[in-house]
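Analysis of the macromolecular model
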Amino acid sequence: MQFMKGNIMVFEETGKRLTSEEREIPALRSGEVLIKNLYTTICGSDLHTFAGLRKEKTPTVLGHEIVGRIVAIDKNHPGIDMAGNTLAIGDLVTWAIFCSAPQENWLSKGMPQKSEDLFKYGHAQITTEDVFHGGLSEYCMLKEHTCILKVPDDLPLPIAATINCALATVAGAIRLAGPLEGKNILITGLGLLGNIAAAMSKVAGAKEIIAVDVITDRLEGSRAFGAGFAYSSLEEANLREILANHKIDIVFDMSGSPDAIELGIESLGIGGIAVWAGAVFKTRKIGIDAEQVIRKLITIKGLHNYNFGDLQYALNFIAEQHQHFPFSTVVSKEFPLEEAQEAFEYAMQHRPLRVGIKLNP
Ligand SMILES: [Zn+2]
């Protein structure tokens, strides 16, 4: 074990090229699991870090939407995943992007993502002993108490990679929204999260699914993910009126745009629920008419990351539904690990739903 080596792509600062380094893989510590990463998709927050819109402690290994196979399991690991399945060498797995001590307070409150001393894969600093913790790496060492789930072998890797961030986050948003059957849903921001929200809403029995974005191409794409109506917020002059006629019950904001968030709140009908998951970067403060929120009995909920139930929901959803929606088109271009720099540049320039890093062929 201690003689194995693996390549990582190191991010140091915005504007500086990612550099390839070969590092020795340390022996597993108590309860750890070693993963050979097979596929990583570059998430919006990776792009934010790359572009300098958010700060991580560097040097770091970016990439947290990862899927891989188990290479080794420490003898102190319980040997089962969160669903109780036995784990073995060679199993395809996904895992929560964060982990914490099992006695953590926030765990029992259903908000494990807010635990003290949280460790986040793809967001951690490289230290002498701790190197393999991101997706731009051939291996990932899963820390003790990481929530792992076995992934069906027939799920295509580029789709499986998105389970532990995009899919699980939207699963959390769907949970917060409550039952969707017969409801009219507005989704603002049709990146990957918005499209997943459309697909999950459709499967959950929503009545009307309405997509709003500034990018026309994205709106077109959203129809195949279940949106029955798609409106451009730049081109539709009477958008507020149109949305009022749709009698929106629930709005998911996946854009983080203050304009879109305000539009969503104004569009809600009586008893409406707004779930915000997009604004994970600094934006201007939004303006809300408090009187309208009160008179219309509106609820606003924020979501950051997800809990373990959401991760399970995401896995179940995609295992059952990936062929019913165009999830196979989500990754528009693939790069090998050594070309991670080019992958980020491509993603920044073309803004596809995802670019993929194919590892360990
Ligand atoms: Zn992410």
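The structure presented is a predicted model; accordingly, all values stated were derived computationally and were not measured.

Within the fold, Ser 232 resides in strand E12 (residues 229–232). Judged by relative accessible area, Ser 232 falls into the buried class, the value being 8%. Only 3.2 Å separates the side chain of Ser 232 from the backbone nitrogen of Leu 234, close enough to count as a polar contact. When sequence neighbours within four positions are dropped, the list of residues in contact with Ser 232 reads Asp 213, Val 214, Leu 219 and Leu 239.

On to the packing of helix H5 (residues 192–203) against helix H10 (residues 308–321), then. One way to put it is that H5 packs onto H10 with a least axis distance of 12 Å and a crossing angle of 80°. Between H5 and H10, the angle falls in the class roughly perpendicular. Residues Ala 199, Met 200 and Val 203 of H5 form the contact with H10, whose participating residues are Tyr 313, Ala 314, Phe 317 and Gln 321.

The domain architecture assigned to the chain consists of domain 1 (5–162 + 330–358) and domain 2 (168–302). Here domain 1 and domain 2 have C-alpha centroids that lie 29 Å from each other. Contact with domain 1, which involves 7 residues of that partner, is made by 8 residues of domain 2. A combined buried area of about 660 Å² lies between domain 1 and domain 2, and 63% of that area is made up of carbon and sulfur atoms. Taken together, the links from domain 1 to domain 2 amount to 0 salt bridges. If you look at where domain 1 meets domain 2, you find 1 residue pair in polar contact (both at pLDDT 80 or more). Considering only residue class, the side of domain 1 that touches domain 2 consists of 3 nonpolar, 2 polar and 2 charged.

Inspection of the secondary structure puts Gly 84 in the loop between strand E4 (65–73) and strand E5 (92–95). On the basis of relative accessible area, Gly 84 is assigned to the partly exposed category, the value being 43%. Between the C-alpha atoms of Gly 84 and Ile 148, which are 64 residues apart in sequence, the distance is 10 Å.

Next up on the list: the sheet that holds strand E11 (residues 208–213). Read from one edge of the open sheet, 6 strands run E12-E11-E10-E13-E14-E15, paired in parallel fashion. Single-partner strands in this sheet number two, and they are E12 and strand E15 (299–302). Here the strands of the sheet are splayed against their neighbours by 15° on average, with no regard to which way each runs. Packed on one face of the sheet, H5 meets strand E10 (184–188), E11 and strand E13 (248–253) and runs near 170° to E10.

Here the focus is the coordination of the zinc ion. Looking at the zinc ion, the protein donor atoms are Cys 43 (SG), His 64 (NE2) and Cys 165 (SG), and they sit 2.0 to 2.2 Å from it. Sequence spacing of the donors to the zinc ion: C-x20-H-x100-C. Within this pair, whereas His 64 is found in the loop between helix H1 (44–51) and E4, its partner Cys 165 is found in helix H4 (residues 163–177), the two being separated by 101 residues in sequence.

Okay, the nonpolar core next. Across soluble globular proteins, nonpolar side chains have a tendency to be buried as a group. One finds Ile 163, Ile 187, Phe 252, Met 254 and Phe 327 to be the most contacted residues of the largest nonpolar core, which totals 60 residues. Ranked by residues supplied to this core, first place goes to H4 with 10 residues. Looking at this core, you find at least three residues from each of domain 1 (5–162 + 330–358) and domain 2 (168–302). In this structure Ile 187 touches Gly 194, Ala 197, Ala 198, Ile 209, Ile 210, Ala 211, Val 212, Phe 252 and Met 254, once residues within four positions along its chain are discounted.

Contact geometry for H4 and H5: axes closest at 9 Å, N-to-C directions at 55°. Classified by the angle between their axes, H4 and H5 sit oblique to one another. In the packing of H4 onto H5, the handedness of the crossing is right-handed. Of the residues in H5, those in contact with Ala 166, Leu 167, Thr 169, Val 170, Ala 171 and Ile 174 of H4 are Leu 192, Leu 193, Ile 196, Ala 197, Met 200 and Ser 201. Broken down by class, the residue content of the contact of H4 with H5 amounts to 10 nonpolar, 2 polar and no charged.

A separate point is the pattern of salt bridges. On inspection of all chains with the given rule, the structure shows 15 salt bridges. When the shortest N-O distance is used, the salt bridge between Arg 29 and Glu 32 registers 3.1 Å. Here Arg 29 falls in the partly exposed class, since its relative accessible area comes to 35%. Owing to a relative accessible area of 4%, Glu 32 belongs among the buried residues under this scheme. A salt bridge links Arg 354 to Glu 65; the shortest N-O distance between them is 2.8 Å. Here Arg 354, found in strand E17 (residues 354–358), pairs with Glu 65, found in strand E4; they are 289 residues apart in sequence, far enough to count as distant.

Now for unusual backbone geometry. Peptide bonds are, in most cases, trans, and in most cases residues other than glycine have a negative phi. Residue Pro 59 is reached from Thr 58 by a cis peptide bond, and omega for that bond is 0°. As for its placement among the helices and strands, Pro 59 is situated in the loop between H1 and E4. Residues other than glycine seldom take positive phi values, yet Asn 305 does so here, at roughly 55°. Structurally, Asn 305 can be placed in the loop between E15 and H10. Assessed through its relative accessible area of 8%, Asn 305 is described here as buried.

Moving on to the pairing of E13. Counting buried positions over the 6 residues of E13 gives 5, a clear majority of the element. Alignment of E10 against E13, held across 4 bridges, turns out to be parallel. Pairing of Ile 185 across the sheet is with Ile 250, part of E13. Strand direction decides the pairing type here: E13 and strand E14 (residues 268–276), joined by 5 bridges, are parallel. For Ile 250, the partnering residue across the bridge sits in E14 and is Ile 273.

Analysis parameters
Residues numbered from 1 in each chain as written. Predicted model: local features only at pLDDT ≥ 70, side-chain atom pairs only at ≥ 80, totals over all residues. Heavy atoms only, no water. Helix = DSSP H or I, 4+ residues; strand = E, 2+ residues; numbered from the N terminus. Buried < 20%, exposed > 50% of the residue type's maximum accessible area, 1.4 Å probe, protein only. Polar contact = N/O pair within 3.5 Å; in protein donor to acceptor, adjacent residues only side chain to side chain. Contact = heavy atoms within 4.5 Å. Axes fitted to C-alpha atoms, helices over the stretch in contact; angles between N-to-C directions. Parallel < 35°, antiparallel > 145°, perpendicular 65-115°, else oblique. Domains from an automatic or database assignment. Buried area = accessible area lost by both parts, 1.4 Å probe. Salt bridge = Lys/Arg side-chain N within 4 Å of Asp/Glu carboxyl O. Nonpolar A, V, L, I, M, F, W, Y, C, P; charged D, E, K, R; others polar. Pairing = 2+ DSSP bridges. Donors = N, O, S within 2.8 Å, 3.2 Å for Na, K, Ca; no water. Core = buried A, V, L, I, M, F, W, Y, C linked by side-chain atoms within 4.5 Å. Left-handed = near helix turned anticlockwise from the far one by under 90°.

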